[in-house]
Amino acid sequence: MPCIYKKPTLLVMFEWDEAKRERTLVDRELDFLDAVRLFDGRPVIDVAARTETEARTLTTGQLDDGKFYTVVWTWRGKARRIISFRRARDDEERRHHADHPPHG
């Protein structure tokens, strides 16, 4: 059953399969609710991906714990549907640093 998560300050709805969210919590100790924070205006990189059935986007960014994460998502109507959420791969993190050099 899909879950609809509304966060008014983001002006977009998010949805996901609640069973998949729960599996991700158990398997990866990551929550789709945290994935939503990658869309709050922080620096991210987006990479287009295509499956046979739909266009998807991989969005990679750094969360408040200092680690990099990637969320795979697609548009479903007016909602961003989260498909998966995981720690970013090394190449994704490097690409993010190349596009958004750390301040200092």
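Residues numbered from 1 in each chain as written. Predicted model: local features only at pLDDT ≥ 70, side-chain atom pairs only at ≥ 80, totals over all residues. Heavy atoms only, no water.

## What about the overall build of the chain?
And step 1. Helix and strand counts for the chain stand at three helices and six strands.
And step 2. Going from the N terminus to the C terminus, the chain shows its helices and strands as β-β-α-α-β-β-β-β-α.
And step 3. The buried share of the chain, reckoned over its 104 residues, is 39%.
And step 4. Long-range contacts, defined as pairs at least 24 residues apart, comprise 42% of the intrachain contacts of the chain with a sequence gap of at least 6.
And step 5. Element-wise, carbon and sulfur atoms account for 51% of the exposed surface of the chain, whose accessible area totals about 6,600 Å². (Helix = DSSP H or I, 4+ residues; strand = E, 2+ residues; numbered from the N terminus. Buried < 20%, exposed > 50% of the residue type's maximum accessible area, 1.4 Å probe, protein only. Contact = heavy atoms within 4.5 Å. Areas by Shrake-Rupley, 256 points an atom, 1.4 Å probe, with all protein chains shown as cover.)

## So, the pattern of salt bridges
Oppositely charged side chains can form a pair if their charged atoms are brought close together.
And step 1. This structure, assessed with the given rule, holds 11 salt bridges.
And step 2. With a shortest N-O distance of 2.6 Å, R21 and D31 are connected by a salt bridge. With R21 in helix α1 (residues 18-28) and D31 in the loop between α1 and α2 (32-35), the pair connects residues that are 10 residues apart, well separated along the chain.
And step 3. Judged by relative accessible area, which is 14%, D31 ranks as buried.
And step 4. R37 is the partner of D64 in a salt bridge, and the nearest nitrogen-oxygen pair spans 3.1 Å. Placement of D64 in the loop between β4 (55-62) and β5 (68-76) and of R37 in the loop between α2 and β3 (44-50) is noted, with a sequence separation of 27 residues between them.
And step 5. Looking at D64, the relative accessible area reads 63%, which means it is exposed. (Salt bridge = Lys/Arg side-chain N within 4 Å of Asp/Glu carboxyl O.)

## Notes on the confidence of the model for the chain
Atomic detail in the predicted coordinates should be set aside for any region of low pLDDT.
And step 1. Confidence in the prediction of the chain, expressed as mean pLDDT, is 89, and 88% of residues score 70 or more.
And step 2. Predicted confidence in the chain is weakest over strand β1 (residues 2-7), with a mean pLDDT of 52, and strongest over α1, with 97. (pLDDT = per-residue confidence, 0-100.)

## Structural notes on the side chain of S84
And step 1. Along the polypeptide, S84 turns up in strand β6 (residues 79-87).
And step 2. In contact with S84, other than residues within four places in its own chain, are R28, F32, T70, V71 and V72.

## Some details on the environment of H97
And step 1. Position of H97 among the secondary structure elements: in helix α3 (residues 90-99).
And step 2. Under the relative-accessibility criterion, H97 is labelled partly exposed at 32%.
And step 3. Spatially, the C-alpha atoms of H97 and V44 are 9.7 Å apart, while their sequence positions differ by 53 residues.
And step 4. If near-sequence neighbours (up to four positions away) are discounted, H97 is found in contact with F68 and P102.

## Some details on the nonpolar core
And step 1. The biggest cluster of nonpolar side chains holds 15 residues, and the ones touching the most others in it are F14, L38, V71, I82 and F85.
And step 2. Elements that contribute at least two residues to this core include exactly β2 (12-17), α2, β5 and β6.
And step 3. Contacts of V71, omitting those with residues within four sequence positions, involve A35, L38, F39, T57, L58, T59, I82, S84 and F85. (Core = buried A, V, L, I, M, F, W, Y, C linked by side-chain atoms within 4.5 Å.)

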